[in-house]
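# Structural description and commentary
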Amino acid sequence: MSDTPLSGRVALVTGASSGIGRACALRLAAAGARVLVNYYGDRQSAAEVVDQIEGAGGSAVAHQADVGDERQVEAMFERCREDVGPLDILVANAGIQKDSDLITMSVDDWDAVLSTNLRGQFLCARAAARGFCSRKNKSDGRASGNIIFMSSVHDRIPWAGRSNYSAAKGGTLMLMKSLAQELGPEKIRVNAVSPGAIMTDINRDAWEDEDGRQELLKLIPYGRVGEPDDIARAVQWLASDESDYVHGHALYVDGGMMLYPSFREGG
Ligand code: NAI
Ligand code: BGC
C-alpha cells in the first residue's frame, strides 16, 4: 500500500482528542486524509492533535460537539463541509462507560451511555450518509462514502455490571449491519472495528496496576494489552480502497479475546 492511500480524502473522527480516536485521526492524516478532529470537553488535547497533524505536514481542524445532540452533530458536519471539504470517511468512535450493576443503575447512567454510544452513532451515520448521497456518483468505481463504527468485543461478549454499555455496543453491531444492507446500493461502505482491551482512559483501572494487568491478560490469548494504534491501523485499512470489498463486517481487533480463553484449560 502506498504511504498516502487516503490522499485527497476527508475524514471526520468523533471523540478524537484521546485514546483510540486520537490514534485514528493521526493515522488517517498520516495516510493523506484531511481530518476533522471532533472533541467533547478537552479543547487543549484536540488542539494538540491538530498541531501534531499539521507538524507532520497534514491538515486538520478541531471541532467541539456532543455526538448525542442532533443540532450539534448537524453543525459539525456543516463545519466539515465548509472548512475541511466534502466528507469521504466517518469514524464514529466517541464512547463512554458508566458502570453499575442493574439494581443500582440510574436512568441517567443508562441514558448517557445510550446517548453517546448508540444515538451518537446513528446521528453521525445519518449526517454522513446524507452528505454521501447528495454527491454525484463517482465514475471511478470506488465507494462514494465510508462509515466505520467503533464497536467493541462487547457487541458479542455479555458484560455483567455494564449492561448499558454492552446493550449500546450490541446495538451498534446491528446498526452497522442494517445500514450496510441499506446503503450498499448507494456504494456507501459500512463496517465496524470491535476492539478488545486497549490501553486508554476508558479502562485505565483495568490495566494501570500490575495485578489488574495480569488479570486482564488472562482474557487475551495473544499475551499483550492492545494499544490505540493497533485499532487505528485497522481503521486505516477499512478506510482505504485496499478493503473495497469488505462491507457489513465487524473486524475484531482483540488479541484473541473473542476466543473464549477461559476454555483453554476447561470445558
Ligand atoms: P477514551 O475515553 O480515551 O475516548 C472516548 C472519547 O469520546 C473521548 O475523547 C471523549 O471526550 C469522547 N466523548 C465522550 N462523550 C462524547 C460525546 N458526547 N460527544 C463527543 N465525544 C465524546 O476511550 P477510548 O478507549 O479511546 O474509546 C473510544 C471508543 O473505543 C469508544 O467508543 C469505546 O467504547 C471503544 N472501545 C474501547 C476499548 C478499549 O479497551 N479502550 C475497547 C472496545 C471499544
Ligand atoms: C471497554 C474496555 C474493556 C474492553 C475489553 C471495551 O469495550 O470499553 O473497558 O477493557 O472492552 O473488555
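Coordinates for the structure precede this section.
Please read these numbers as outputs of a predicted model, since none were measured by experiment. (Residues numbered from 1 in each chain as written. Chains lettered and ligands numbered in written order. Predicted model: local features only at pLDDT ≥ 70, side-chain atom pairs only at ≥ 80, totals over all residues. Heavy atoms only, no water.)

## Side note on the overall build of the protein
- Scanning the protein from N- to C-terminus turns up eight helices and seven strands.
- Computed over the C-alpha atoms, the radius of gyration of the protein is 18 Å, within 12% of the 18 Å expected from 2.2 N^0.38 for a compact globule of 267 residues.
- The C-alpha extent of the protein, read off along each of the three principal axes, is 55 × 40 × 40 Å.
- Evaluated residue by residue, the protein yields a buried proportion of 49% over its 267 residues.
- For the protein, the share of sequence-separated contacts (at least 6 apart) that also reach a separation of at least 24 residues comes to 74%.
- As presented, the protein carries roughly 13,100 Å² of accessible surface, and 50% of it is formed by carbon and sulfur atoms.
- The distance from the centre of the 28 positive side-chain charges to the centre of the 37 negative ones in the protein is 6 Å. (Helix = DSSP H or I, 4+ residues; strand = E, 2+ residues; numbered from the N terminus. Rg over C-alpha atoms; globule rule 2.2 N^0.38 Å. Buried < 20%, exposed > 50% of the residue type's maximum accessible area, 1.4 Å probe, protein only. Contact = heavy atoms within 4.5 Å. Areas by Shrake-Rupley, 256 points an atom, 1.4 Å probe, with all protein chains shown as cover. Lys, Arg positive; Asp, Glu negative; His and termini not counted. Charge placed at Lys NZ, Arg CZ, Asp CG, Glu CD.)

## Some thoughts on the site of ligand 1
- If you check the shell around ligand 1, you find 27 residues, and the closest are Ser18, Asn93, Tyr165, Ile198 and Thr200.
- Residue Ala65 places a main-chain N or O atom 3.5 Å away from a nitrogen atom belonging to ligand 1.
- Tyr165 is positioned with one of its side-chain polar atoms (N or O) 2.5 Å from an oxygen atom of ligand 1.
- When ligand 1 sits alone it has 810 Å² of accessible area, and the protein chains cover 92% of it.
- For the shell around ligand 1, the elements supplying multiple residues, two or more each, are α1 (19-30) and α5 (163-183). (Near = heavy atom within 4 Å. Polar contact = N/O pair within 3.5 Å; in protein donor to acceptor, adjacent residues only side chain to side chain.)

## Some words on the pairing of strand β3 (residues 60-64)
- With five bridges joining them, strand β2 (residues 34-39) and β3 adopt parallel strand pairing. In the sheet register, Asn38 faces β3, and the bridge partner there is His63.
- In terms of handedness, the path from β2 via helix α2 (residues 43-55) over to β3 forms a crossover that is right-handed. (Pairing = 2+ DSSP bridges. Right-handed = clockwise from strand over helix to strand, strands pointing away.)

## Side note on the pairing of strand β4 (residues 89-92)
- Side chains of β4 alternate between two faces, with Ile89 and Val91 and Leu90 and Ala92 buried alike.
- Sheet analysis places strand β1 (residues 10-13) next to β4, joined by three bridges and oriented parallel. What sits directly across from Ala11, in β4, is Ile89.
- Where β4 meets strand β5 (residues 145-150), four bridges bridge the pair, whose relative direction is parallel. Note that in β5 the partner of Ala92 across the bridge is Phe149.

## Digging into the packing of α1 against α2
- Axis separation between α1 and α2 bottoms out at 10 Å; the angle between their running directions is 20 degrees. Relative to α2, α1 is oriented roughly parallel. Between α1 and α2 the crossing geometry is right-handed. Of the residues in α2, those in contact with Arg22, Ala25, Leu26 and Ala29 of α1 are Val49, Gln52 and Ile53. (Axes fitted to C-alpha atoms, helices over the stretch in contact; angles between N-to-C directions. Parallel < 35°, antiparallel > 145°, perpendicular 65-115°, else oblique. Left-handed = near helix turned anticlockwise from the far one by under 90°.)

## Describing the site of ligand 2
- Neighbouring ligand 2 are the residues Gln97, Ser152, His154, Trp159, Tyr165, Gly196, Ala197, Ile202, Asn203 and Met257.
- One nitrogen or oxygen atom from the side chain of Gln97 is found 2.6 Å from an oxygen atom belonging to ligand 2.
- At a separation of 2.5 Å, an oxygen atom of ligand 2 approaches a polar side-chain atom of Tyr165.
- Tallied by class, residues from the shell around ligand 2 come to five nonpolar, five polar and no charged. (Nonpolar A, V, L, I, M, F, W, Y, C, P; charged D, E, K, R; others polar.)

## Remarks on the side chain of Ser243
- As for its placement among the helices and strands, Ser243 is situated in the loop between α8 (228-239) and β7 (250-253).
- Residue classification places Ser243 among the buried positions, given a relative accessible area of 1%.
- A polar atom in the side chain of Ser243 sits 3.2 Å from the backbone oxygen of Leu238.
- Sequence-distant contacts of Ser243, that is, excluding residues within four places in its chain, are made with Arg189, Trp237 and Leu238.

## Some details on the sheet that holds β7
- Taken together, the seven strands give an open sheet; going across it, the order is β3-β2-β1-β4-β5-β6-β7, and neighbouring strands pair in parallel fashion. Edge positions in the sheet fall to β3 and β7, since each has one partner strand and no second. Shown here is a sheet whose adjacent strand axes are inclined to one another by a mean of 15 degrees, direction ignored.
- Both β5 and strand β6 (residues 188-195) contribute to a ladder of six bridges, which runs parallel. Across the sheet, the residue bridging to Ile147 is Val190, located in β6.
- Contacting β4, β5 and β6, helix α4 (residues 107-134) crosses the sheet at an angle of about 175 degrees to β5.

## Digging into the nonpolar core
- Ranked by size, the top nonpolar core spans 35 residues in total, and within it Leu28, Val35, Val37 and Val235 carry the most contacts.
- Top contributing element to this core by residue count: α1, with seven residues.
- Once you skip the residues sitting within four places of it in the chain, Leu28 turns out to touch Leu6, Ala11, Val13, Ala33, Val35, Val91, Val235, Gln236 and Ala239.
- If you look at the next biggest cluster of nonpolar residues, it comprises 34 residues, including Leu87, Leu90, Ala129 and Phe149. (Core = buried A, V, L, I, M, F, W, Y, C linked by side-chain atoms within 4.5 Å.)

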